[in-house]
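A closer look at the structure
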Amino acid sequence: MRSLTAALALLLASSCQGFVAPSHNSHQIITTTTPSSTQLKKQPLSRLSVATDINAVGAPGTADLPWSELGFEFRPTKSHLRMTYRDGKWQEPEMVESPYINVHIGATALHYGQACFEGLKAFAHEDGSVNLFRPDENAKRINRSGHRVMMPEIPVETFIKACNDVVKDNVAYVPPYGSGGALYLRPLLFGSGPRIGLQPAEEYTFIVMVIPVGDYYKGGLAAPVDGLIVDDYDRAAPKGVGAAKVAGNYAADLIPNMAAKKKGFPICLYLDAATHTLVEEFSTSNFIGIDNENKKYITPKSDSVLPSITNKSLQTLAKDEGMTVEQRDIEVAELSTFDEVIACGTAVVVTPIGSLTRFDENGDESKYQFTEDVGATTRRLYDTVRNIQNGEIEDTHNWNYKVE
């Protein structure tokens with residue numbers, strides 16, 4: 001586990017200075033405190049624990065919410081963090097309690113889709129601390145996405161500090177230890193300056209909103225879900241923006257996603273746009289195929305697939321177990337060789353796929369069947385990453401950042 005201070009020391013080789021927020025009456029000033037780091041403990045997830053010891057950050061899980069009933073949906077919280085890029089530099093961040101934002105009618109985000117976002121989570125540990133999971137990786141990825149659509153870089157240390165401070169300001173909304181929930185962070189970077197001709201904006205806005213969440217799909221790992229292989233639509237074009245987490249990639253999934261749900265399929269699997277013979281990724285999640293007999297973890301390698309931080313973490317854990325990890329092309333026909341199929345991402349963490357169905361142009365159905373129950377490898381990988389996130393086993397890869 002890394003504290004924020006230790007993380008920034010590695011990034012900067014110096015301590016991070018506190019922010020000074022503008023003096024707006026409706027905004028809170030961001031301050032920085034640095035208590036000593038707390039060691040991780042191996043503890044069971046068998047009970048819900050609301051911390052009562054108020055440390056420098058505060059006690060998680062004290063908001064009046066039905067913690068055991070959380071789904072993956074918007075809920076109001078105390079504040080979001082906002083920061084503006086103007087005159088060639090980032091301005092000081094501020095905490096804003098209003099969930100609304102005034103945007104110029106000529107903003108490039110509205111006209112030309114100059115926007116990208118991230119998703120990460122903060123978890124309460126039994127000792128009362130709150131920890132972000134791999135925010136450094138999200139910082140790197142939002143900058144890769146921003147670069148693809150010509151938006152300014154957010155320094156990694158600034159991104160992590162922003163996430164730290166918005167969690168601290170909303171610590172009451174962090175689901176308590178043992179609830180199975182997390183505080184979901186949605187960093188968003190978009191062109192807020194006006195342009196009518198196609199060109200980058202001169203002003204950008206970066207916000208980090210937070211939402212307490214439970215499972216993306218109701219029941220979590222209770223049962224595998226059935227997926228639909230999409231042939232009528234493509235998620236991303238070759239040499240396009242599929243590897244960037246830009247807003248338009250998700251809008252393109254709305255029609256096929258809703259159509260699939262009407263047919264009884266809660267998740268879609270997209271194929272490569274050029275040939276429709278290779279597996280790429282699910283609507284909002286990476287694809288993983290498990291070959292238990294040969295101890296293989298197989299995931300697509302494609303410039304059109306968004307690199308998932310959850311997938312990256314699971315690959316490391318699979319290697320730790322002695323599995324062979326392969327990133328390569330996966331023919332559709334190879335689906336029949338997998339014992340387990342997984343959709344993975346920050347929101348879902350891990351979703352087991354029970355089957356994948358494909359309809360041809362005549363409406364005839366072909367079906368790839370996997371496990372009826374949660375597979376052993378899926379369960380083991382899920383339990384390991386969740387135990388690390390919850391502070392229940394040793395964080396040997398230093399993925400957790402303690403909020404300070």
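Residues numbered from 1 in each chain as written. Predicted model: local features only at pLDDT ≥ 70, side-chain atom pairs only at ≥ 80, totals over all residues. Heavy atoms only, no water.

1. A few points about the overall build of the protein chain
For the protein chain, the helix and strand inventory stands at 8 helices and 20 strands. Counting every position in the protein chain, which comprises 404 residues, the buried fraction comes to 54%. Counting contacts in the protein chain only where the partners sit at least 6 residues apart, residues at least 24 apart contribute 75% of the total. (Helix = DSSP H or I, 4+ residues; strand = E, 2+ residues; numbered from the N terminus. Buried < 20%, exposed > 50% of the residue type's maximum accessible area, 1.4 Å probe, protein only. Contact = heavy atoms within 4.5 Å.)

2. With respect to the nonpolar core
With 39 residues, the main nonpolar core has L132, F159, V166, V167, L185, L189 and F206 as its most contacted residues. Of all the elements in the fold, those that place two or more residues in this core are β3 (80-86), β7 (120-124), β8 (130-133), α3 (135-148), α4 (156-169), β9 (182-191) and β10 (204-213). The leading source of residues in this core is α4, at 7 residues. Among all residues touching V166, those that are not within four sequence positions of it are S79, H80, L81, M95, L185, V208 and V210. Membership of the second largest hydrophobic core comes to 22 residues, among which are Y297, C344, L381 and W399. (Core = buried A, V, L, I, M, F, W, Y, C linked by side-chain atoms within 4.5 Å.)

3. Re the side chain of D395
The topology assignment puts D395 in the loop between α8 (376-389) and β20 (400-402). A residue is classified by how much of its surface remains accessible, and D395, at 4% relative accessible area, is buried. For D395, the side chain forms a polar contact with the main-chain nitrogen of W399, separated by 3.0 Å. Within the local environment of D395, its side chain forms a polar contact with the backbone nitrogen of N400, the two atoms lying 2.9 Å apart. (Polar contact = N/O pair within 3.5 Å; in protein donor to acceptor, adjacent residues only side chain to side chain.)

4. Observations concerning the pattern of salt bridges
In the structure shown here, the tally under the stated rule is 17 salt bridges. Of the charged contacts, one joins E118 and R141 as a salt bridge, the two residues approaching to 2.7 Å between their closest N and O atoms. Of the two residues, E118 is situated in the loop between β6 (115-117) and β7 and R141 in helix α3; the sequence distance between them amounts to 23 residues. Judged by relative accessible area, E118 falls into the buried class, the value being 0%. For D383, the salt bridge goes to R379, with nearest N and O atoms at 3.9 Å. With D383 and R379 both in helix α8, this residue pair falls 4 residues apart, about one helical turn. Owing to a relative accessible area of 31%, D383 belongs among the partly exposed residues under this scheme. Through salt bridges with shared partners, a single ionic network connects R134, E137, K140 and K312. (Salt bridge = Lys/Arg side-chain N within 4 Å of Asp/Glu carboxyl O.)

5. Things to note about the environment of A59
Turning to its location among the elements, A59 is positioned in the loop between β2 (27-28) and β3. The buried category is assigned to A59, whose relative accessible area is 5%. A sequence separation of 71 residues divides A59 from V130, and the C-alpha atoms of the two residues are 8.9 Å apart.

6. Considering a nonpolar patch on the surface
On the surface, I101, V103 and L110 cluster together into a nonpolar patch covering about 240 Å² of accessible area. Assignment of secondary structure puts V103 in the loop between β5 (94-96) and α2 (108-112). Classification of V103 as partly exposed rests on a relative accessible area of 33%. (Patch = residues over 30% accessible without salt bridge, like charges linked within 9 Å, V, L, I, M, F, W, Y side chains within 5 Å. Areas by Shrake-Rupley, 256 points an atom, 1.4 Å probe, with all protein chains shown as cover.)

7. A look at the packing of helix α7 (residues 309-320) against α8
For the pair α7 and α8, interaxial distance at closest approach is 10 Å and the crossing angle is 110°. Relative to α8, the element α7 is oriented roughly perpendicular. Read as a crossing pair, α7 and α8 show a hand that is right-handed. For the pair α7 and α8, contact is made by L314, L317 and A318 and by L381, T384, V385 and I388, respectively. Across the contact of α7 with α8, the residue classes break down as 6 nonpolar, 1 polar and no charged. (Axes fitted to C-alpha atoms, helices over the stretch in contact; angles between N-to-C directions. Parallel < 35°, antiparallel > 145°, perpendicular 65-115°, else oblique. Left-handed = near helix turned anticlockwise from the far one by under 90°. Nonpolar A, V, L, I, M, F, W, Y, C, P; charged D, E, K, R; others polar.)

8. Looking at the packing of aromatic side chains
A full pass over the atoms with the stated rule returns 9 aromatic pairs. An angle of 70° between the planes, with centres 5.2 Å apart, marks the rings of Y85 and W90 as edge-to-face. Classification of Y85 by relative accessible area gives buried; the value is 18%. Using a relative accessible area of 18% as the deciding quantity, one classes W90 as buried. (Phe/Tyr/Trp six-rings, centres within 6.5 Å; stacked < 30°, edge-to-face > 60°.)

9. Overview of the environment of S145
Note that S145 resides in helix α3. Taking the C-alpha atoms as reference points, S145 and L306, separated by 161 residues in sequence, lie 9.7 Å from one another. Those residues in contact with S145, other than ones at most four positions away along the chain, are C116, A244, K245 and V246.

Read these as geometric descriptors, not functional statements.
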